[in-house]
Amino acid sequence: MKLNKIALRNISIAFIIAFGFVACDKDFASVNSDIINDDTATNFNTTSEKFDVISYNNPLNPVQTNDLGLNMLGVYDDPTYGRTIASVLTQVNTGLIDPTFGENVVLDSVVLTIPFFSRNVGVIDETFIDYEIDSVLPRGESYSPIKLSIFENSYFLRDFNPNDDFNSNQAYFSNKSASSTEQIGSADLESILIDEIESLTISDKEVILTDGAEPDATITERLSPRIRLVWDKDVIEDNDVITYWTNKIIAQEGLSTLSNPNNFNDYFRGLYFKAEPEDMSTSGSLMLLNLSQQDANITLFYSFDSPTIENERDEATYVLTFSPTRVNFFENNFTTTIPVGDEINGDDLLYLKGGEGSIAGIKLFDGLNSDDDDTSDNTFEAWRKQYVILNDEGEFESSRRLINEANLIFNVAKDEIMTDDSGNTQEPDRLYLYNKTNGGPLIDYLQDSQNNSAPLFSIPNHLGILERDDTNEGEGIRYKMRITSHINSLLLDNAENVELGIAVSGNVNLEATVPQYTEQTGTDEENTVPVSSIITPRGTILHGSTSAVSEDKRLYLEIFYTCLETDINCSNN
């Protein structure tokens, strides 16, 4: 967690720095330098050059998943990697402390509701609102159901880590653990079965609530698509659930269990939503949910004797929200093995997978920096001297060449990517490139435009959107990551040539403000993972730096630059 704090501080500093620069897609990208003057503003030649990089696989250990903001729930069958099952453990909270339910109280119904991410796309027959869901995978005309079991959890989710500093928050991980030595047992998670929904239907249709009997029922409320489960006291099959909530909440009136938040959190330690495939041989659906929103809750509808009107009944509600701590658990059954990477020589293929999956490391110029050996130049020093003139201290003095654009080109390994039953590859549209040393974004990220309403199209210049083949089922071709300002910083600012990381991203906007999450290594080594990679199950396979298929497919750094005609070493002179 200390590393997370440092990363957040670095991001904040970077944002301040970013306002001092002006990014330009096609013109020269100059950082802290007045390299264009009266003597050099004419007689230019423009050319490009490709440079080898080292890229290697980095399979992940369990990753931190508490307090993600967004949670995955369901079953996802990746056509390339195999099955991932995501379940959620959450605390519950109430704003009503030490409640009074009234005389002769009866619990009439219980409703669990969790909205999907959706948008209104029109009206059907001037009667029904047509919605499009953005948060269920795989996308299609319909969604396969899953089995959902709801348990009362007896494991206490603590706020602070007792084995670290007193103010160090407790981390929880994707493999049902609080650390490499503390597992959360199934007996605790599945302490009491509240209900088991054998087939949870997932629909993009609006939810319409009515009052009265058909055909004279009147519409009382229209809701966007969501999970909505109702248990009614008048339905025999719901009796056990009604009895559970009556005993758990209603019967506790006047007792210490509901008298304050601390007692409540110890008394009711949370709910465990366990997802499973409806049938082991069938596919399922995976939902990305915002459990922190107010509309995501469990509402108890109860009635009681009216205190003011004799023989009348009044109605009220008791609402439980899913907070403050929520944890995602992932169960992977991969059909594709993710190899341990070769950090020295690089790998031929890069396996990127969200959740508890895999990221990749990237070393530019052999991962080297300037050294104290003046007798010879290493890879980084030799490259730098091609572009700039350095003083005796090895710092920037003047430019030989002007960087117009610098890109990392990631080609999709098409022969390794499988398709689903519908012929789709399910590849991620976005990847996230970052500073693997401190976990922060590159300066190019901070200079790009952010689209909060449509994250798919956010940071489009730096983090290029997947280019797809229009003639072949939309299969992915390549990702182009523009790192012009990062390369200029290496040349002009004497910046460290840090190792980069590349990961699948479910929402690139999250990386602007959210520190990276911890990877459970079982050692003192502190590794972190981008948060936007944890909240997506998708994966892809890319050609690495040693791809045996074709040199043209290998990962490379391409630099477009302009050099003076007086530069005799320029390939275009």
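Just above sits the structure.
So, how was this worked out
- Residues numbered from 1 in each chain as written.
- Predicted model: local features only at pLDDT ≥ 70, side-chain atom pairs only at ≥ 80, totals over all residues.
- Heavy atoms only, no water.
- Helix = DSSP H or I, 4+ residues; strand = E, 2+ residues; numbered from the N terminus.
- Buried < 20%, exposed > 50% of the residue type's maximum accessible area, 1.4 Å probe, protein only.
- Contact = heavy atoms within 4.5 Å.
- Patch = residues over 30% accessible without salt bridge, like charges linked within 9 Å, V, L, I, M, F, W, Y side chains within 5 Å.
- Areas by Shrake-Rupley, 256 points an atom, 1.4 Å probe, with all protein chains shown as cover.
- Salt bridge = Lys/Arg side-chain N within 4 Å of Asp/Glu carboxyl O.
- Lys, Arg positive; Asp, Glu negative; His and termini not counted.
- Charge placed at Lys NZ, Arg CZ, Asp CG, Glu CD.
- Core = buried A, V, L, I, M, F, W, Y, C linked by side-chain atoms within 4.5 Å.
- Arc of directions from axis to C-beta.
- Polar contact = N/O pair within 3.5 Å; in protein donor to acceptor, adjacent residues only side chain to side chain.
- Phe/Tyr/Trp six-rings, centres within 6.5 Å; stacked < 30°, edge-to-face > 60°.
- Pairing = 2+ DSSP bridges.
- Axes fitted to C-alpha atoms, helices over the stretch in contact; angles between N-to-C directions.

Asks: Please clarify how the overall build of the chain should be interpreted in this entry.
Replies: A tally of regular secondary structure across the chain gives eight helices and 32 strands. Along the first, second and third principal axes, the C-alpha set of the chain runs to 100 × 55 × 45 Å. The buried share among the 573 residues of the chain stands at 50%. If you take every contact in the chain between residues at least 6 apart in sequence, the share linking residues at least 24 apart comes to 76%.

Asks: Whenever I open this one, a negative patch on the surface confuses me. Can you help?
Replies: Together, D52, D366, E551 and D552 make up a region of like negative charge exposed at the surface. With respect to the helices and strands, the residue E551 is situated in the loop between strand 31 (539-543) and strand 32 (556-564). With relative accessibility at 61%, the residue E551 sits in the exposed group.

Asks: Even after reading the chapter, I still don't get the nonpolar core, so can you show me in this structure?
Replies: What tends to happen in soluble globular proteins is that the nonpolar side chains get buried as a cluster. Judged by nonpolar contacts, the single largest core of 72 residues is most densely connected at W383, L408, F410, L433, I487, L557 and I559. Within the second largest apolar cluster, 47 residues are counted, among which are Y143, I202, I250 and F273.

Asks: What should I look at first to understand helix 5 (residues 379-387) in this one?
Replies: Since there are 3.6 residues in each turn of an α-helix, residues three or four apart along the chain are aligned in direction. Of all the residues in helix 5, the buried ones are F380, E381, W383, R384 and Y387. Projected onto a plane normal to the axis of helix 5, the buried residues spread over an arc of 165° and lie on a single side. The N-terminus of helix 5 is capped by N378, whose side-chain oxygen sits 3.0 Å from the backbone nitrogen of F380.

Asks: What's the story with the packing of aromatic side chains in this structure? I'm lost.
Replies: Any pair of aromatic rings gets described here by the distance separating the centres and the angle formed by the planes. What the rule picks out here adds up to 19 aromatic pairs. A ring pair is formed by F101 and Y302, whose centres lie 5.2 Å apart and whose planes are at 90°; its orientation type is edge-to-face. Of this pair, F101 sits in the loop between strand 3 (82-90) and strand 4 (106-115) while Y302 sits in strand 17 (residues 297-305), placing them 201 residues apart in sequence. Given the relative accessible area of 1%, F101 is considered buried.

Asks: Mind showing me how you'd approach the side chain of Q520 here?
Replies: Summarising the element assignment, Q520 is placed in the loop between strand 29 (517-519) and strand 30 (527-529). Overall, the relative accessible area of 11% leaves Q520 in the buried class. Here S177 takes part through its side chain, which lies 3.0 Å from a polar atom of the side chain of Q520. Dropping the residues within four chain positions of it, Q520 is found in contact with N61, P62, F173, N175, S177, S179 and S180.

Asks: What exactly am I supposed to notice about the sheet that holds strand 4 here?
Replies: The strands making up a sheet associate through hydrogen bonds between their backbones, and the pairing can be parallel or antiparallel. Strand order across the open sheet formed by four strands is 14-4-17-18, with antiparallel pairing between neighbours. Strand pairing shows two members of the sheet lacking a second neighbour, strand 14 (226-232) and strand 18 (313-321), which therefore form its edges. Sheet twist, expressed as the average angle between the axes of neighbouring strands with direction ignored, equals 20°. Both strand 17 and strand 18 contribute to a ladder of nine bridges, which runs antiparallel.

Asks: I'm lost on the pattern of salt bridges in this one. Help?
Replies: Here the idea is simple: oppositely charged side chains can pair when their charged atoms come close. Scanning all chains against the criterion turns up 21 salt bridges. As a salt-bridge pair, R468 and E427 come within 4.0 Å of each other at their nearest N and O atoms. Of this pair, R468 sits in strand 26 (residues 467-468) while E427 is found in the loop between strand 24 (401-411) and strand 25 (431-435), placing the two residues 41 residues apart along the sequence. Using a relative accessible area of 2% as the deciding quantity, one classes E427 as buried. Here R468 and D429 are joined by a salt bridge, their closest N and O atoms 3.1 Å apart. Of this pair, R468 sits in strand 26 while D429 sits in the loop between strand 24 and strand 25, and the two are 39 residues apart along the sequence.

Asks: Looking at this structure, how should I read the side chain of N509?
Replies: On the secondary structure map, N509 appears in the loop between strand 28 (500-504) and strand 29. Residue classification places N509 among the buried positions, given a relative accessible area of 8%. Among the polar contacts listed, one links the side chain of N509 to the side chain of S458, at a separation of 2.5 Å. Contact partners of N509, with chain neighbours within four places excluded, come to Y445, Q450, N451, N452, P455, S458 and I459.

Asks: Before we go on, may I ask you to explain the environment of N104 in this structure?
Replies: By the element assignment, N104 lies in the loop between strand 3 and strand 4. Overall, the relative accessible area of 54% leaves N104 in the exposed class. Spatially, the C-alpha atom of N104 lies 9.5 Å from that of R313, the residues being 209 residues apart in sequence. Setting aside its immediate chain neighbours within four residues, N104 contacts S303, F304, D305 and R313.

That's the geometry; what it means functionally is another story.
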